[in-house]
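# Observations on the model geometry
The primary structure of each chain is shown beneath.
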Amino acid sequence: MLGRDDFAGRWQVLRRIDDRHGAMQGDFTGVAELQPVGEAGLIYTESGQMRIGAAPVMQATRRYLWDFEGGLVIVRFADGRDFHSFAPAGQVAGTDHPCGDDHYTVVYDFTRWPDWRATWDVTGPRKDYTSVTEYRGGVR
């Protein structure tokens, strides 16, 4: 099972978004920095460039808090609200995240460590997309 020290550092991030609701595709290219905080946490900060459909490229950032508890990674939004959790080993589904009437599901794949993947499927009345994010080691 992977732990906090395994994730700490800098990762290359490549994301492909297939938006079925908007009938367009998007790409994100950037980095994720996971910096230790406290005894068992990481601050996840992602920044890079995103293009969706024919729109101009835009700068995109996001931040999460990761806490390692009882064999799980508990992911919270930057403001501390719960997002989801996952076991950092093998290929595993994370917990679902309802967001209003929309529903988020995720599967993590750590079988090619230090490269890993998160695949999100989002469905609902306002959203219908799949987002596949590849994390590549070696940028540390």
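Scroll up for the structure.
A brief report on the enclosed structure follows. (Residues numbered from 1 in each chain as written. Predicted model: local features only at pLDDT ≥ 70, side-chain atom pairs only at ≥ 80, totals over all residues. Heavy atoms only, no water.)

This next bit is on the overall build of the protein chain. Counting its regular elements, the protein chain contains one helix and eleven strands. Across the protein chain, helices and strands are ordered from the amino to the carboxyl terminus as α-β-β-β-β-β-β-β-β-β-β-β. Taking 2.2 N^0.38 as the reference for a compact globule, 140 residues should give roughly 14 Å; the C-alpha atoms of the protein chain span a radius of gyration of 15 Å, in line with that estimate. When contacts within the protein chain are restricted to residue pairs at least 6 apart in sequence, those whose partners lie at least 24 apart make up 35%. The average position of the 16 basic charges and that of the 20 acidic charges among the side chains of the protein chain differ by 5 Å. (Helix = DSSP H or I, 4+ residues; strand = E, 2+ residues; numbered from the N terminus. Rg over C-alpha atoms; globule rule 2.2 N^0.38 Å. Contact = heavy atoms within 4.5 Å. Lys, Arg positive; Asp, Glu negative; His and termini not counted. Charge placed at Lys NZ, Arg CZ, Asp CG, Glu CD.)

Formed by 30 residues in total, the largest nonpolar core has its most connected members in Phe7, Leu34, Trp66, Trp116 and Tyr135. Sequence-distant contacts of Trp116, defined by excluding residues within four places in its chain, comprise Phe7, Trp11, Trp66, Tyr108, Asp109, Phe110, Thr133, Glu134 and Tyr135. (Core = buried A, V, L, I, M, F, W, Y, C linked by side-chain atoms within 4.5 Å. Buried < 20%, exposed > 50% of the residue type's maximum accessible area, 1.4 Å probe, protein only.)

What follows covers the layout of surface pockets. Here the largest pocket is characterised by a volume of approximately 570 Å³. As for the largest pocket, its lining consists of 29 residues, and the residues nearest its centre are Arg15, Arg62, Tyr64, Phe83 and Trp120. Residue composition of the lining of the largest pocket, grouped by class: 19 nonpolar, four polar and six charged. (1 Å grid on protein atoms, 1.4 Å probe; cavity = no way out; pocket = protein on both sides within 12 Å on 5 of 7 lines; lining within 4 Å. Points joined across faces, edges and corners; volume = space filled by probe spheres on them. Nonpolar A, V, L, I, M, F, W, Y, C, P; charged D, E, K, R; others polar.)

The peptide bond linking Trp113 to Pro114 adopts the cis configuration, its omega dihedral lying at 15°. Within the secondary structure, Pro114 is located in the loop between β9 (102-112) and β10 (115-123). Despite not being glycine, Ala23 has its phi angle at roughly 55°, a positive value. Checked against the element boundaries, Ala23 lands in the loop between β1 (9-19) and β2 (24-37). Using a relative accessible area of 69% as the deciding quantity, one classes Ala23 as exposed.

Below, the discussion takes up the packing of aromatic side chains. Ring pairs (aromatic) are described by centroid distance and by the angle formed between their planes. Under the defined criterion, the tally for this structure stands at 25 aromatic pairs. When the centroid spacing of 5.3 Å and the interplanar angle of 85° are considered together, the rings of Phe7 and Trp116 count as edge-to-face. With a gap of 109 residues between them, Phe7 in helix α1 (residues 4-7) and Trp116 in strand β10 connect regions that are remote in the sequence. Between Phe86 and Tyr108, the ring centres sit 3.9 Å apart and the planes meet at 25°, which makes this aromatic pair stacked. Taken together, the residues Phe86 in strand β6 (residues 82-86) and Tyr108 in strand β9 connect sequence positions 22 residues apart. The same class applies to Phe86 as to Tyr108, namely buried. Lying across the ring of Phe28, Arg15 places its NZ or CZ 5.0 Å from the centre. The ring of Phe77 is capped by Arg81, whose NZ or CZ atom sits 4.5 Å from the centre of that ring. (Phe/Tyr/Trp six-rings, centres within 6.5 Å; stacked < 30°, edge-to-face > 60°. Lys NZ or Arg CZ within 6 Å of the ring centre and 35° of its normal.)

The next subject is the side chain of His97. Summarising the element assignment, His97 is placed in strand β8 (residues 97-99). Accessibility expressed as a relative area gives 11% for His97, which makes it buried. A polar side-chain atom of His97 sits 3.1 Å from the main-chain carbonyl oxygen of Phe83. Sequence-distant contacts of His97, that is, excluding residues within four places in its chain, are made with Phe77, Asp82, Phe83, Asp102, His103 and Tyr104. (Polar contact = N/O pair within 3.5 Å; in protein donor to acceptor, adjacent residues only side chain to side chain.)

Everything listed here is a matter of coordinates, which is why it stays silent on function.
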